[in-house]
Amino acid sequence: MKNLTKITITVISTLLVVSVVLIFVIAHFTLVFVLDTKVNGRIFPAEIQSSAPLMSHSAKQREWMLLTAKQRQILSQDNLILHAYFIAAPEPTDRYVILCHGYKNSALSMAEYAAVYHQAGWNVLVPDHRAHGYSQGRYITMGWKEHQDLILWANSLIDQNPQAQIVLHGISMGAATVMMAAGSPELPPHVVAAVEDCGYTSLSDELEDKISHGLGLPAFPLVTVTSLLSRIQIGNFLGAIDCVDAVSHSEIPILFIHGENDVFVPFWMQEELYAAATCPKIKLVVPNAAHAQSQGVNPQLYWSTVDFFINRFMSQESPSENSLLLPVSFDSK
């Protein structure tokens, strides 16, 4: 009987140790494949991977951006050289937009957005996030250090023009970056509004959704262990990227955009973000649009809403001949 008890205890102990080791191994590979840019490969199914915007003239607009833009560089707080493209407005203006691209894309993926703003008479800055494009860095922090970099970029524009009025506009991870910046006490007062397109509520929520639905694994305790490893290896817990908390502290207006058919960043996240925001806000739902495809699916609705929203909160200069698009009526509840 005693031998049977010992064997049972040994088996249970062994299974517990193996389970703990297995959880740490899976968490390590989750962290590496999701956030370490030196590792190539996918951890999630291909059909839920893309955060690249759907654009109608991608190649043409990218070529235009490369030929038109000037190169900019700044130094991050942790001494990374960060790169951006700057496209000056056709005529002098105090209007600036900073465009923030999505996960594992680059500044060039925002070329069509840059063209729309530029044609409307804006100055446009399009950074490569750290560890993306021509910016230095190894680890993606999904909006944590990126939002600190974004504030540095905003300050660089203010140094150039102390009268600058700046709008932040981000897609997916770029939207999370914009929301994190909007809720930061370090955000300069020159930033007057933010547009977030298909951003997530938090990195923990997003990872839980991807692990449970993308991999079919239990989110707990895998996300908790991954968060711990992130703190050790990268410097922050996953919980630090909390966009719900950020928008609840925002003092600038936010436009929340989401595609109705988004499965990469689930549609319910827009509702939670919108409900948490106490700042002036507008919500736009784009029917039949998957992740990061709202602008491509319905550009008229998309840009007229952006135009209407921005012009409510930006000081008016002399009337421009080039609006983003004519406004349409929609529920600004």
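In this text, all values refer to a predicted model and were calculated from it rather than measured experimentally.

**Overview of the side chain of Glu 196**
Inspection of the secondary structure assignment puts Glu 196 in strand 6 (residues 191–197). In this structure Glu 196 is buried but unpaired, with Lys 283 as the nearest side chain of opposite charge at 11 Å. Among all residues touching Glu 196, those that are not within four sequence positions of it are Gly 170, Ala 175, Met 179, Ile 254, Leu 255, Phe 256, Ile 257 and Leu 273.

**Observations concerning helix 3 (residues 111–119)**
Summarising burial for helix 3: 8 of the 9 residues are buried, a large majority. All buried positions along helix 3 are accounted for by Ala 111, Glu 112, Tyr 113, Ala 114, Ala 115, Val 116, Tyr 117 and His 118.

**Notes on the confidence of the model for the protein chain**
The share of residues in the protein chain with pLDDT of 70 or more is 78%, and the mean pLDDT across the chain is 85. Overall, residues 45–49 carries pLDDT values under 50, and its contacts beyond four positions in sequence, including any with other chains, amount to 9 contacts. Note that residues 326–333 has pLDDT below 50 and, in this model, 19 contacts with residues that lie over four places away or in other chains.

**A look at the pattern of salt bridges**
Scanning all chains against the criterion turns up 5 salt bridges. A salt bridge links Asp 78 to Arg 130, with the shortest nitrogen-to-oxygen separation between them at 2.9 Å. Here the residue Asp 78 occupies a position in the loop between strand 1 (70–75) and strand 2 (81–87), and Arg 130 occupies one in the loop between strand 4 (123–127) and helix 4 (144–160), the gap between them amounting to 52 residues. With relative accessibility at 5%, the residue Arg 130 sits in the buried group. One salt bridge connects Asp 149 with Arg 130, and the closest N-O pair in it is separated by 2.8 Å. Here Asp 149 is found in helix 4, whereas its partner Arg 130 is found in the loop between strand 4 and helix 4, with 19 residues between them in sequence. Here the two residues Asp 149 and Arg 130 agree in accessibility, since each one is buried.

**Focus on the pairing of strand 7 (residues 254–259)**
Counting buried positions along strand 7 gives 6 out of 6 residues, so the element sits mostly inside the fold. With burial as the criterion, each face of strand 7 is covered, one bearing Ile 254, Phe 256 and His 258 and the other bearing Leu 255, Ile 257 and Gly 259. As paired strands, strand 6 and strand 7 are joined by 4 bridges and run parallel to one another. Paired with Asp 197 across the bridge in strand 7 is Ile 257. Of the strand pairs in this sheet, strand 7 and strand 8 (residues 281–286) are connected by 6 bridges, and their pairing is parallel. Following the sheet pairing, Ile 254 is matched in strand 8 by Lys 281. As for the winding sense of the linkage, the β-α-β connection from strand 7 through helix 9 (residues 268–276) to strand 8 is right-handed.

**A word on the nonpolar core**
With 59 residues, the main nonpolar core has Ile 98, Met 142, Ile 166, Leu 168, Tyr 200, Val 247 and Phe 256 as its most contacted residues. Among the elements that make up this core, the one with the highest residue count is helix 5 (residues 173–182) (7 residues). Among residues more than four places away in sequence, those in contact with Phe 256 are Met 179, Glu 196, Val 247, Gln 270, Leu 273, Tyr 274, Ala 277, Lys 281, Ile 282, Lys 283 and Leu 284.

**Concerning the sheet that holds strand 5 (residues 165–171)**
Strand order in the open sheet formed by 8 strands is 1-2-4-3-5-6-7-8, with mixed pairing between adjacent strands. Lying at the two open borders of the sheet, with one neighbouring strand each, are strand 1 and strand 8. On average, each strand axis in the sheet is tilted by 20 degrees relative to the strand beside it, whichever way the strands run. Against the sheet, helix 2 (residues 58–68) touches strand 1, strand 2 and strand 4, its axis set at about 100 degrees to strand 2. The strands touched by helix 4 within the sheet are strand 1, strand 2, strand 3 (95–100), strand 4, strand 5 and strand 6, with strand 1 carrying the most contacts at an inclination of about 120 degrees.

Definitions and cut-offs
Residues numbered from 1 in each chain as written. Predicted model: local features only at pLDDT ≥ 70, side-chain atom pairs only at ≥ 80, totals over all residues. Heavy atoms only, no water. Helix = DSSP H or I, 4+ residues; strand = E, 2+ residues; numbered from the N terminus. Buried < 20%, exposed > 50% of the residue type's maximum accessible area, 1.4 Å probe, protein only. Lys, Arg positive; Asp, Glu negative; His and termini not counted. Salt bridge = Lys/Arg side-chain N within 4 Å of Asp/Glu carboxyl O. Contact = heavy atoms within 4.5 Å. pLDDT = per-residue confidence, 0-100. Pairing = 2+ DSSP bridges. Right-handed = clockwise from strand over helix to strand, strands pointing away. Core = buried A, V, L, I, M, F, W, Y, C linked by side-chain atoms within 4.5 Å. Axes fitted to C-alpha atoms, helices over the stretch in contact; angles between N-to-C directions.

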